[in-house]
Structures are given as C-alpha cells and as structure tokens.
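Here is what each chain is made of, one letter per residue.
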Amino acid sequence: MGNVRVLDGPFDKLALPQDGSLDFVLLHLDYHEIAADVRRAMNARIFAALKRGGSYGVVDHSAKEGVGDSEAKTLHRMDKLLVIKEATGVGFRLAEEGKMLSRPDDTRDFSVVKIRDKSDRFVLKFVKP
C-alpha cells in the first residue's frame, strides 16, 4: 500500500506532518509507554496532522478504572478513561469503542509482559471534528 507509512522513533519527535494531510493515525499497544508530559503534546501533534474527519485509533491493555497511568510502567496497562480524557482534551471527539479485543475474564492485576495474550484491550476511535 503506497499511501501507508510506518513512523518509528521517539513519540515526541515523530516526523508527523502538521498540515492536516493524514487520514488516519494508529497507536497500537504503546500509549502506556509514553510519559504523561509527552502524551499531551503528542496528541496535539496527531490532531494537527489529521485532516478534518480524520481518525485516531488507540489500542492498549486495559488497567482498572480510576488508576490513571499509575500501572503503565509496572503492569504495562492504561486506564481507558484517562486516554479518552487526554485525547478529547486536545480537540478529538470519541467516535466509537470496539469490543473485539475485550476479555471480561481479565483481572487486570498482572503484567502483560509476563502473561501474553490474556489481557483485556480497549480499542478507541477518535475523530478530528
């Protein structure tokens, strides 16, 4: 696919265009790896990179509700509500939530690095209005 690009590197220095030319950005299982002070700037840069109506997808391992990012470095999980708050805080609108990676049996108290493919994952689609 000629119009698909993988951008790799530090999240605060990714070579994102700032001209509103992208249709879609996906962050897969990495949101929890990004420091709190970098996430806001990263979300704002993604917002600027997307066309009006463009989509921003975030997939990550679910933490227990209300823990914020306190388990990001230990369990490698993220509170879905914090992701929603941060993305909508820079202008995105939450459009959809996919349940295809949900695992209701996940106790959300183990590291996803130590136990693979057993975690509940959230799938969020944000849209640039």
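You'll find the structure just up there.
Residues numbered from 1 in each chain as written. Predicted model: local features only at pLDDT ≥ 70, side-chain atom pairs only at ≥ 80, totals over all residues. Heavy atoms only, no water.

Trainee: How should the sheet that holds strand β1 (residues 22-28) be read in this particular structure?
Mentor: Strand pairs in the sheet, formed through backbone hydrogen bonds, run parallel or antiparallel to each other. Read from one edge of the open sheet, 4 strands run β1-β2-β4-β3, paired in mixed fashion. In this open sheet, the two edge strands, each paired with only one partner strand, are β1 and β3 (93-98). Neighbour-to-neighbour, the strand axes of the sheet open up by a mean angle of 20°, direction not taken into account. Across 7 bridges, strand β2 (residues 50-61) lies against strand β4 (residues 121-127) in antiparallel orientation. Bridging from a neighbouring strand, Y56 pairs with F126 of β4. Sheet strands touched by helix α1 (residues 36-49): β1 and β2. Its angle to β2, the strand with the most contacts, is close to 140°. Of the strands in this sheet, β2, β3 and β4 are in contact with helix α2 (residues 80-89), which crosses β4 at around 15°. (Pairing = 2+ DSSP bridges. Helix = DSSP H or I, 4+ residues; strand = E, 2+ residues; numbered from the N terminus. Axes fitted to C-alpha atoms, helices over the stretch in contact; angles between N-to-C directions. Contact = heavy atoms within 4.5 Å.)

Trainee: How should I be thinking about the pairing of β2 in this particular structure?
Mentor: Working note: regular strand, side chains alternate between the two faces of the sheet. In terms of burial, β2 is largely enclosed, as 9 of its 12 residues are buried. The pairing of β1 with β2 spans 6 bridges and is parallel. Residue pairing across strands places L27 opposite V58, the latter belonging to β2. (Buried < 20%, exposed > 50% of the residue type's maximum accessible area, 1.4 Å probe, protein only.)

Trainee: It is not clear to me how the packing of aromatic side chains should be interpreted in this structure. Could you clarify?
Mentor: For any pair of aromatic rings, the description rests on two quantities: the centre-to-centre distance and the angle between the ring planes. This model, assessed by the stated rule, comprises 4 aromatic pairs. Each ring, one from F47 and one from F92, has its centre 5.0 Å from the other, and the planes form 80°; the classification is edge-to-face. With F47 in helix α1 and F92 in the loop between α2 and β3, this pair connects stretches of sequence that are 45 residues apart. Relative accessible area serves as the criterion here: at 4%, F92 is assigned to the buried category. Relative to F126, the ring of Y56 has its centre 6.0 Å away and its plane inclined at 40°; by these criteria the two rings are tilted. With Y56 in strand β2 and F126 in strand β4, the pair connects residues that are 70 residues apart, well separated along the chain. Judged by its relative accessible area of 0%, F126 is buried. Among the aromatic residues, ring-to-ring pairing joins F47, Y56, F92 and F126 into one connected group. Directly above the aromatic system of F110 lies the positively charged group of R77, at a separation of 4.6 Å from the ring centroid. One residue, K128, lies across the ring of F47, its end atom 4.9 Å from the ring centre. (Phe/Tyr/Trp six-rings, centres within 6.5 Å; stacked < 30°, edge-to-face > 60°. Lys NZ or Arg CZ within 6 Å of the ring centre and 35° of its normal.)

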